[in-house]
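Spelled out from the first residue to the last, the chains are:
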Amino acid sequence: MTGVSMTIILSILMPLLGIFGNIFLRQHKNLRDTFTFLVSVLTFSGVFLVFLLTGGVQQEELSILTVLPNLDIAFKVEPIGLLFALVASGLWMLTHLYGVGYMRGTNEDRQSQFFAFFCVAIFAVMGICFAANMFTLFIFYEILTLSTYPLVAHKGDTKSVSGARVYLGMLLGTSIVFLLTALIWTYVLVGHLDFMPGGILNGKIEYGLLPLLLGLYAFGIGKAALMPLHRWLPAAMVAPTPVSALLHAVAVVKAGVFTILKVGVYIFGLDFLAASGASQWLIWLAAISIILASIFALMQDNLKKRLAYSTVSQLSYITLAMALATPMAAVGGGMHIAMHAFGKIALFMCAGAIYVATKKTEISDMSGLGKSMPITFTIFAIASFSIIGLPPFGGSWSKFLLFVGAIEAEYFVIIVVLMISSLLNVAYLLPIVARGFFINSADDKKENSIKEAPLLCWVPAAIAAVACILLFFYAGLLRDFLLPIVDSSL
Amino acid sequence: MAIEQVNHVALTLEEQLPIWLIVIPFVAAPLILLFGNKGLAWVFSFLATAFSLAISVILVLTLKDGGVISYHIGGWAPPIGIEYRIDATNALILMLISLIATVALLYAYRSVMSEINPKHHTLFYASYMLCFTGLMGIVITGDAFNIFVFLEISSLATYILVAMGAYKDKRALTAAYDYLILGTIGATFFVIGIGFLYMATGTLNLVDLADRISDQGLNRTIRAGFGFIVIGLGLKIAIMPLHLWLPRAYTFAPSVVTVFLSATATKASIYVLLRFLFSIYHPTFAFGENIILIIFMPLAIASMFLASIVAIFQTNLKRMLAYSSIGQIGYLLLGASLMNQLGLTATLVHMFNHGITKALLFMGAGVFALKVGKVSYENIAGLGKIMPFTAAAVVIGCLSLIGIPGTAGFISKWILVQGALANGWWHIALLIVLSSLLSVIYVWRLIEIIYVVPTKKVGTITEAPIFMLAPMWILAFACLFFGVFTDFILDPAQTAAQNLLSLPISGIENTLGDGS
Amino acid sequence: MTWEFILGHMNYWLFIILMLIGLYIVIAKGNLLKKIVGLNIFQVSVFMMYISIGKVIGGTAPILPYDNTGHVKYGLDVIYSNPLPHVLILTAIVVGVATTSLGLALIVRIREEYGTIEEDEILDAETLIAEKENEESEAWLA
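(A) View of the side chain of His192 of chain A. All names here are of chain A. Relative to the assigned elements, His192 resides in the loop between α6 (158-190) and α7 (210-220). Here Asp194 takes part through its backbone nitrogen, which lies 3.0 Å from a polar atom of the side chain of His192. Those residues in contact with His192 that sit more than four places away from it in its chain are Asn70, Thr186, Tyr187 and Ile200.

Written out as structure tokens, the structure reads:
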């Protein structure tokens, strides 16, 4: 086994080490949480090592074992996957610190169980990132669904259980009914499910059936929250905020759109998609999803719910990118995985910090909080600008590439859609900041007793926010890193 | 692919193994009664089943790439004499039955102590051995009437085993009685069918029947015989609408009996049905007339959906699992009715996978019964936290039942959908995944109740005893193992499917050797 | 459907009639004991069918002829009836007897537990038990 292969396997398996730490060090809080943090650092180091060794260039496939004819459990390095792995493992470090702060701050019980399932979820994400074929990806995709269920249902009260039921029901339902069918259909057509540059379906399927297959994939990948199968995202808000941060910025939703990108680029092939026009309906559906979700976001008063609908909208950007099926769009979609991750995670961490400090969840209650919690609200502002897509914040670059992609595909309407979406983003994000800083709260006495959130809660958020700014300047590196997926000569 | 004949002159000890497979458990039964000691009874039974397991594994390894082993009882050559005929199909089922029997016996050690009248323990083990012999005999024999004999041996033992549940719940008696009536009607229909076949062809040997039917072509007698055989076996297999005995028999029987029966009894009868459908009637009948499509496929799909829907609304764990079994039997029939290599492979693989999954789940139900009495949902709520190892094994079984990738159930589902799509029947594929969704609902209800709902039980419930936990984890490990390392089951299943689909061979002249 | 046809296939007609009578009794009668009786009639009809098809026209009992000293006389040209169905039916009769005795034993036990062997009364008793169980479940689910 080559060094790269070994590092890949280590990075995937490392989070499982965290499970043992959480089981055996159950009683010793500090030891347990430090151990898990070390595991997360090691995981990130492993992925970073893979990056240094390969530079994102595709390597030989590492096949572990053959399950069914031509269907292996196999891993391979690949640019989008490596990017996602870096983002996910890096943000795990942040989320873990934040999670420790939050869980201790709210005195949540059964913390060991919580962090143990977190580790399993990250293990599943690592498997998804490095999967060399759709079969392996599907296995880890399902593991991710199952391992995040206990996280969503963690609180154990009736609301959590029913929310978790919707979460699991929609994700398992879509993956079993649509995605599995799509997978087996592809397997019957092609004979294997390996990811290949340029796609594997070219010439194997008639143009008429292609939109149907694409639909099965698009709706089957429920984690991408394509409307109308997006209900699970707001329903999963019953989870503790570190879970929302993880789900909505790092793991679950990103796994969804990542899978959509992989399917578009490596199963269908961008050129084949563009030539057949099979994804036209998806372009419109994604565009509608972007606008509609933003409108829903506007209507929410609960901060986490508003952020949830915002996520639905942002995810549809990436689905749109895949549907546009042009090189710049695909690169933009991949870049957006990173940009949105940092921005959203900062937003969710702020929401959680506000809850820890003040127990408030509704936006209308948050008037004047900016004065007592200036750091939190500043971070919120920075992250909002990145999501909206203003320079000098990272989100502007991914949006710009999407514009270019839309022009390449000659869908000028999409540019209008993207602009309207940005305006809507402003409408549902900035008022929160404005209300915090500029509107006085009705209750002056309470205000004075509120202090800034605990350190472990705002420091990770701050790091994420700084990353948003930094990514603006290093976006070129990201673009060059991702370019090989569309230009196989590189 | 022509089936190569493996000629055995059965003189050495090794070649006598097929008959040992039947004789050892068969003799163990009266020995157990003779010695009368409960502990010894368990030891004898376990040794007998373990020995059978070892032999069946050897058989699978020998036959997984093709070939036939033929053993002539008493040295009389077929088609006049009775022969035991083993190829990849039987070997796989034999291995399943003996594996479940062995693991269930490990489990039985503690389970029997709590659920069966202490005066009847030796009788229990004797009946268990008889049932085991009967099931193995059904699968191993190559003579049609011999199938009936073993079918009845196993069925009678089954009625006794089910009725033993009366120690805990008197409804086991009426369940056993209903099962007796329906089962006997089924077996008698089967024997009527055999009678018609005998009338038309003059032989009872399966291979010879295949030859003579293909020579004669179809006539009314043979068709009538087919009808009777299908209905008779249908009662034993519990296809809808002939399934009415199954839920009550599984619910009220002692846990270890349900563990054993749910994994093996219906599978042996399905094997017989496959033999008759494909090896004997094919190709003149089964495909030419599309009977399978008109009758079996709708019934199979009805089973899958209706049984799963009923399972969703149950409030008793064993009853829910019983209806789930009926649904899964629908999958098995659907695979057979696809009539292609992949479909039959799926059926055979799923027989094995469902066997280990259902046995595991019923073992879990038995552990819960041990600790809280009745396994209604309100009694077992919240047990996941008190009995983590048991519950974890049950979760693995549940995931395998749904068909989550990484478990054995996923493999059989994949091959089944692949089989449907290979025929171009996308609507069948869609129905399969939709019914899979239904099973997610009732399984997840169970998982929620075990883990998420807070328990009302206080006090001294502890983890399951090791004798019950170990077999559960053996099966749980098997579920996971056969979900990734599929070769051991997939190879014999593919060979078996090929055998079943290929033309019947007139192999009587080639199987030399006698068993003297 | 000539008269000759009907008379010539008399055994089949009897088999069918007996089989259906037996099945009808099993289904229609509510007394558990009578069901066993019906089952027996059903099984007897099958036995009759098997044996009747073994008879060869002009055939005698399938026993090799022997002279006064007890030695078998081989080589004689005799037509025998088919012995195989007889053997099969012996087996089936044994199975039938075992089934009947098991059924009767079950009926004895059912009588002990339920106090009755009428199907509808037993059904009532079981419905009561099931209803009680359902009450507990409903209460908990609510």
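(B) Structural detail: the interface of chain B and chain C. In this assembly, 40 residues from chain B lie in contact with 43 residues from chain C. Across the chain B/chain C interface, buried area totals approximately 3600 Å², and carbon plus sulfur atoms make up 76% of it. A per-residue breakdown of the area chain B buries against chain C is headed by Arg171, Tyr177 and Tyr198 of chain B, which together make up 18% of the total. Where chain B meets chain C, there are 3 salt bridges. Taking the shortest distance from any N to any O, the salt bridge between Lys374 of chain B and Glu133 of chain C comes out at 3.6 Å. Linking chain B with chain C are 7 residue pairs in polar contact (both at pLDDT 80 or more). Listing elements by their share of the side of chain B that touches chain C, those giving two or more residues are α5 (144-163), α6 (171-201), α14 (377-380) and α18 (426-452) of chain B. Of all the elements, α6 of chain B adds the most residues to the side of chain B that touches chain C, at 18 residues. Here the side of chain B that touches chain C is composed, by residue class, of 27 nonpolar, 5 polar and 8 charged.

(C) Spotlight on the packing of helix α7 (residues 206-216) of chain B against helix α10 (residues 255-280) of chain B. Residues and elements named next belong to chain B. Between α7 and α10, whose axes approach to 9 Å, the crossing angle comes to 40°. Viewed along their axes, α7 and α10 adopt a mutual orientation that is oblique. Between α7 and α10, the contacting residues are Leu206, Leu209, Ala210 and Ile213 on the first element and Phe276, Ser279 and Ile280 on the second. Here the contact of α7 with α10 is composed, by residue class, of 6 nonpolar, 1 polar and no charged.

(D) Up close: helix α10 (residues 252-268) of chain A. Residue and element names in this part refer to chain A. Taking 1.5 Å as the rise per residue, α10 with 17 residues should run 24 Å; its terminal C-alpha atoms sit 23 Å apart, in good agreement. Across the 17 residues of α10, 17 count as buried, placing the element largely inside the fold. Positive backbone phi, at 90°, marks Gly269, one or two positions downstream of α10.

(E) Examining the interface of chain B and chain A more closely. Across the contact, 25 residues belong to chain B and 28 residues belong to chain A. When chain B packs against chain A, the two sides together hide about 2500 Å² of surface, and 83% of this comes from carbon and sulfur. Arg165 of chain A is the salt-bridge partner of Glu448 of chain B, the closest N and O atoms lying 2.7 Å from each other. Viewed at the interface, chain A and chain B are joined by 3 residue pairs in polar contact (both at pLDDT 80 or more). Elements with a contribution of two residues or more to the side of chain B that touches chain A: α16 (388-402), α17 (408-422), α18 and α19 (466-484) of chain B. Residues belonging to the side of chain B that touches chain A are distributed by class as follows: 19 nonpolar, 4 polar and 2 charged.

(F) Just a nonpolar patch on the surface, in detail. All names here are of chain C. The grouping of Met1, Trp3, Phe5, Leu7, Met10, Trp13, Leu14, Ile16, Ile17, Leu20 and Ile21 at the surface amounts to a nonpolar patch, some 1100 Å² of accessible area in total. Broken down by secondary-structure element, the contributors of at least two residues to the nonpolar patch are α1 (3-8) and α2 (10-28). Classification of Ile16 by relative accessible area gives partly exposed; the value is 36%.

(G) Focus on the environment of Ile58 of chain B. Residues and elements named next belong to chain B. Among the structural elements, Ile58 can be located in helix α2 (residues 38-63). For Ile58, a relative accessible area of 45% corresponds to the partly exposed category. Once the C-alpha coordinates of Ile58 and Leu17 are considered, the two residues, 41 residues apart in sequence, prove to be 9.6 Å apart.

(H) A look at the confidence of the model for chain B. Residues and elements named next belong to chain B. With 92% of its residues at a pLDDT of 70 or more, chain B shows a mean pLDDT of 86. Under a pLDDT of 50 for its full length, residues 505-516 has, in the predicted model, 38 contacts with residues more than four places off or in other chains. This complex was scored by the predictor with a pTM of 0.91 and an ipTM of 0.92.

(I) Main features of empty space enclosed by the protein. Residues and elements named next belong to chain B. Counted by the stated rule, this structure contains 8 cavities of 30 Å³ or more. Estimated volume of the second largest cavity: approximately 110 Å³. Along the wall of the second largest cavity there are 14 residues; nearest its centre are Gln328, Tyr331, His350, Gly409 and Lys413. Those elements giving two or more residues to the lining of the second largest cavity turn out to be α12 (317-337), α13 (341-372), α16, α17 and α18. Of the residues forming the lining of the second largest cavity, the biggest block, 4 residues, is contributed by α17.

The rules behind each value
Residues numbered from 1 in each chain as written. Chains lettered and ligands numbered in written order. Predicted model: local features only at pLDDT ≥ 70, side-chain atom pairs only at ≥ 80, totals over all residues. Heavy atoms only, no water. Helix = DSSP H or I, 4+ residues; strand = E, 2+ residues; numbered from the N terminus. Polar contact = N/O pair within 3.5 Å; in protein donor to acceptor, adjacent residues only side chain to side chain. Contact = heavy atoms within 4.5 Å. Buried area = accessible area lost by both parts, 1.4 Å probe. Salt bridge = Lys/Arg side-chain N within 4 Å of Asp/Glu carboxyl O. Nonpolar A, V, L, I, M, F, W, Y, C, P; charged D, E, K, R; others polar. Axes fitted to C-alpha atoms, helices over the stretch in contact; angles between N-to-C directions. Parallel < 35°, antiparallel > 145°, perpendicular 65-115°, else oblique. Expected span 1.5 Å × (residues − 1). Buried < 20%, exposed > 50% of the residue type's maximum accessible area, 1.4 Å probe, protein only. Patch = residues over 30% accessible without salt bridge, like charges linked within 9 Å, V, L, I, M, F, W, Y side chains within 5 Å. Areas by Shrake-Rupley, 256 points an atom, 1.4 Å probe, with all protein chains shown as cover. pLDDT = per-residue confidence, 0-100. 1 Å grid on protein atoms, 1.4 Å probe; cavity = no way out; pocket = protein on both sides within 12 Å on 5 of 7 lines; lining within 4 Å. Points joined across faces, edges and corners; volume = space filled by probe spheres on them.

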